[in-house]
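# Structural description and commentary
Single-letter residue listing:
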Amino acid sequence: MKIAIVTFDGFNEIDSFVALNILNRVKQAGWKAELVAPSATVTSLNGVTVQVEKGLDFANVADVVLFGSGRKTREVIKDEGLMASFKLDPQRQLIGSQCSGALIMQRLGLLQSLPACTDSTTRPYLEETGITVLGQPFYAEGNIATAGGCLSSQYLAAWVLLQKLGEAAMADALRYVAPVGEEEKLISHTLEVITGYQRLIPERLIQASAL
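Just so it is clear, the model here is predicted, and its values are computed rather than measured.

Evaluation of the coordinates by the stated rule reveals 3 aromatic pairs. Summarising the aromatic geometry, the rings of Phe67 and Phe86 are spaced 5.5 Å apart at their centres and angled 70° between planes, so their arrangement reads as edge-to-face. Of this pair, Phe67 sits in strand S6 (residues 64–67) while Phe86 sits in the loop between helix H4 (80–84) and strand S7 (94–98), placing them 19 residues apart in sequence. Note on Phe67: relative accessible area 1%, which makes it buried. Between the aromatic rings of Phe138 and Trp159, the centroid separation amounts to 6.2 Å while the plane-to-plane angle is 55°, which identifies the pairing as tilted. Of this pair, Phe138 sits in strand S8 (residues 138–141) while Trp159 sits in helix H7 (residues 153–164), and the two are 21 residues apart along the sequence.

In structure tokens, the structure reads:
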């Protein structure tokens with residue numbers, strides 16, 4: 001499973017790193033979440049510079065694409081060449097965004113008439129485009145999902161796991177990162193937030209994928 005976490009300069013560390021960490025808790029051949037960017041390195045809004053693993057073209061062939069947020073997102077969506085480099089397919093790929101990443105989703109025509117979740121700072125800019133912004137941390141329809149608020153990145157990662165591997169794999173990944181003594185509480189709450197927005201995988205398909 002190829003997972004691209006799209007990251008630009010000025011990125012929010014929580015958005016990119018939390019999803020990266022949770023998704024890479026899965027130890028399955030071929031499963032890997034990777035940071036992708038238009039340059040070899042990107043610097044976060046707090047000055048942390050990281051070397052990315054893949055270029056933006058990886059997003060076009062990935063099975064899952066997640067757009068993180070950052071302070072420069074409104075500049076990013078004005079770059080016509082950059083936006084044109086994305087050739088995403090919501091029929092084949094799971095595609096999600098965190099906070100201001102929803103602006104990229106909208107710019108690429110992925111939201112269309114769907115409502116979306118985002119952070120309070122981004123909300124007015126997204127509403128200017130005609131998108132209805134929901135007062136909740138997560139929403140998904142089909143293969144498209146949006147999350148709002150930095151710590152809602154766990155819901156976005158959990159949604160991917162639930163879609164691709166099922167509830168047991170999602171729960172296992174969350175147990176690794178949950179506060180001690182709150183593991184089951186976190187899993188239960190996460191399910192409450194994202195249940196109803198995922199296509200549940202038949203148990204027989206989950207078992208077959210493990211063979």
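All right, on to the sheet that holds strand S9 (residues 144–147) then. Spatially, 7 strands are ordered S5-S2-S1-S6-S7-S9-S8 in an open sheet, and the strand pairing comes out mixed. Two strands bound the open sheet, and with one partner strand each, they are strand S5 (54–55) and S8. Both strand S1 (residues 2–6) and strand S2 (residues 32–37) contribute to a ladder of 5 bridges, which runs parallel. Residue pairing across strands places Val6 opposite Val36, the latter belonging to S2. Docked against the sheet, helix H1 (residues 13–23) engages S1, S2, S6 and S7, running at close to 155° with respect to S2.

How each quantity is defined
Residues numbered from 1 in each chain as written. Predicted model: local features only at pLDDT ≥ 70, side-chain atom pairs only at ≥ 80, totals over all residues. Heavy atoms only, no water. Phe/Tyr/Trp six-rings, centres within 6.5 Å; stacked < 30°, edge-to-face > 60°. Helix = DSSP H or I, 4+ residues; strand = E, 2+ residues; numbered from the N terminus. Buried < 20%, exposed > 50% of the residue type's maximum accessible area, 1.4 Å probe, protein only. Pairing = 2+ DSSP bridges. Contact = heavy atoms within 4.5 Å. Axes fitted to C-alpha atoms, helices over the stretch in contact; angles between N-to-C directions.

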